[in-house]
Structures are given as structure tokens and as C-alpha cells.
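Geometric and topological summary
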Amino acid sequence: MRTRIMSFTLNLLLGLVGFILLMNPQIGIDFARYYIGAILVIASIVPFWIFHKNTVTKDWLSLCKGLALLAVGLFFLLSSGFSAIVFGTCLIVWMLSSAVFKLLLAVEYRKLFQDNWWYMLIFGGISLLFGIYILFNLQSTLLSLVSITGIFMLVEAAIGMVDTIMLRGNEK
């Protein structure tokens, strides 16, 4: 009984968050910015700790890594508009580099007489097209991704609530 109520409540909360993201995608972008910033600030602690604990030889690379993580994390936490651009730019770089690597891999597969080399060529071309689309429609792409996430969360919440209700009928 208690598990069923908790499951229903969590699915209801998931649906509420999905609805909020769907109605106001900018909230999702801000949340992602805060989340990424917090993770980077927390991740900067480890290199600082390694630098501090290493008494024999100071690991300056760890100190630099920790400072870089801290700086980027604080940047994400403190700058509102610019970090969304940075996030979008990272998405573009990832998509375009992934496309280039897939296309190069398709060429290598072709040279090795692999039968299915054209799969990689098609996926590389699709990734390249998406990367170019994102490059020219950055803000709308980010908002669309958040909206799609909201829709996904609403569907998952509905499925979870239906499961919880159906399980109730099986309890005796």
C-alpha cells in the first residue's frame, strides 16, 4: 500500500515537472544550467584534494584542472543567457564532430570492403544535417529539446500511474 502511494506520488510529480517544462521550456534550460554548474563546481573539489594531499610532488595539472572546472562551473551558475549559448555551442560541436567521425569511419569501412559501410555514411549525413540545423536555429532547438523532454516526462508519468492503478487491482 505504502509503495503504491509513493509510486503514484512520484509519477504525479514527474508529470507535473513534464507539464511545467512543456509550458515554459526556458525553465528547463535554466535548470540544466544550474545542474551543470553545480556538478562542475562539485567536480572541481577532487583535483583540489589531489593537489592538497600529494605532499611529495605537487600535481600542478590537478590544480589547473580544478581551477578550470571551478571557473566553468561558476560561469554556468552565474551567467544566465551566455551559458545557454555555451550549452548550445557544445551541442553543435558534438553533433558536427560526431558527423565528421561517422563520415570518416564510413570511408574507412568502404576501404576495408565492409558490406554495411553505407549505414555509417547515412548516419553521418543525418548527424551533419542536424548539426547544421542546430547551428542556424540554436535557441529554438534548445527550447524544442526541453519541450520534447517535457512530453516524454508526461508520457512516462501517465504510464507509471496506470501501472500503479493496475497493480492495485492485483493486490488482495
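Right above here is the structure, for reference.
Residues numbered from 1 in each chain as written. Predicted model: local features only at pLDDT ≥ 70, side-chain atom pairs only at ≥ 80, totals over all residues. Heavy atoms only, no water.

Of the regular secondary structure elements, the protein holds seven helices and zero strands. When its helices and strands are written in sequence order, the protein yields α-α-α-α-α-α-α. Burial analysis of the protein (172 residues in total) assigns 26% to the buried set. In the protein, once contacts between residues fewer than 6 apart in sequence are set aside, the share between residues at least 24 apart is 70%. Of the roughly 12,000 Å² of accessible surface on the protein, 76% is carried by carbon and sulfur atoms. (Helix = DSSP H or I, 4+ residues; strand = E, 2+ residues; numbered from the N terminus. Buried < 20%, exposed > 50% of the residue type's maximum accessible area, 1.4 Å probe, protein only. Contact = heavy atoms within 4.5 Å. Areas by Shrake-Rupley, 256 points an atom, 1.4 Å probe, with all protein chains shown as cover.)

So, on to the packing of helix H2 (residues 25-43) against helix H3 (residues 45-53). Look at H2 against H3: their axes get within 4 Å of each other, and the N-to-C directions meet at 10 degrees. Regarding the angle of H2 to H3, the classification is roughly parallel. Here Val41, Ile42 and Ala43 of H2 lie close against H3, whose contacting residues are Ile45, Val46 and Pro47. Split by residue class, the contact of H2 with H3 holds six nonpolar, no polar and no charged. (Axes fitted to C-alpha atoms, helices over the stretch in contact; angles between N-to-C directions. Parallel < 35°, antiparallel > 145°, perpendicular 65-115°, else oblique. Nonpolar A, V, L, I, M, F, W, Y, C, P; charged D, E, K, R; others polar.)

Relative orientation of the contacting elements H2 and helix H4 (residues 60-78) amounts to 155 degrees, with a least axis distance of 7 Å. Regarding the angle of H2 to H4, the classification is roughly antiparallel. The chirality of how H2 crosses H4 is left-handed. Between H2, through Arg33, Tyr34, Ile36, Gly37, Ala38, Leu40, Val41 and Ala43, and H4, the contact on the second element is made entirely by Leu69, Leu70, Val72, Gly73, Leu74, Phe76, Leu77 and Leu78. Per-class residue counts for the contact of H2 with H4 are 13 nonpolar, two polar and one charged. (Left-handed = near helix turned anticlockwise from the far one by under 90°.)

If you check H2, its first and last C-alpha atoms are 27 Å apart, about what 19 residues at 1.5 Å a residue would give, namely 27 Å. Every buried residue of H2 is listed here: Pro25, Gly28, Ile29, Arg33, Gly37 and Leu40. All buried residues of H2 project into a common sector of 165 degrees when viewed along the axis, lining one side. Those residues of H2 that are exposed and angled more than 90 degrees off the buried face are Phe31, Tyr35 and Ile42. (Expected span 1.5 Å × (residues − 1). Arc of directions from axis to C-beta.)

Okay, helix H6 (residues 117-136) next. Here H6 is 20 residues long and its end C-alpha atoms lie 29 Å apart, about the 28 Å a rise of 1.5 Å per residue gives. Turning to H6, its buried residues are Gly124, Ser127, Gly131 and Ile134. When H6 is viewed along its axis, its buried side chains cluster within an angular range of 90 degrees and face the same direction. The outward face of H6, more than 90 degrees from its buried face, is lined by the exposed residues Leu129 and Phe136.

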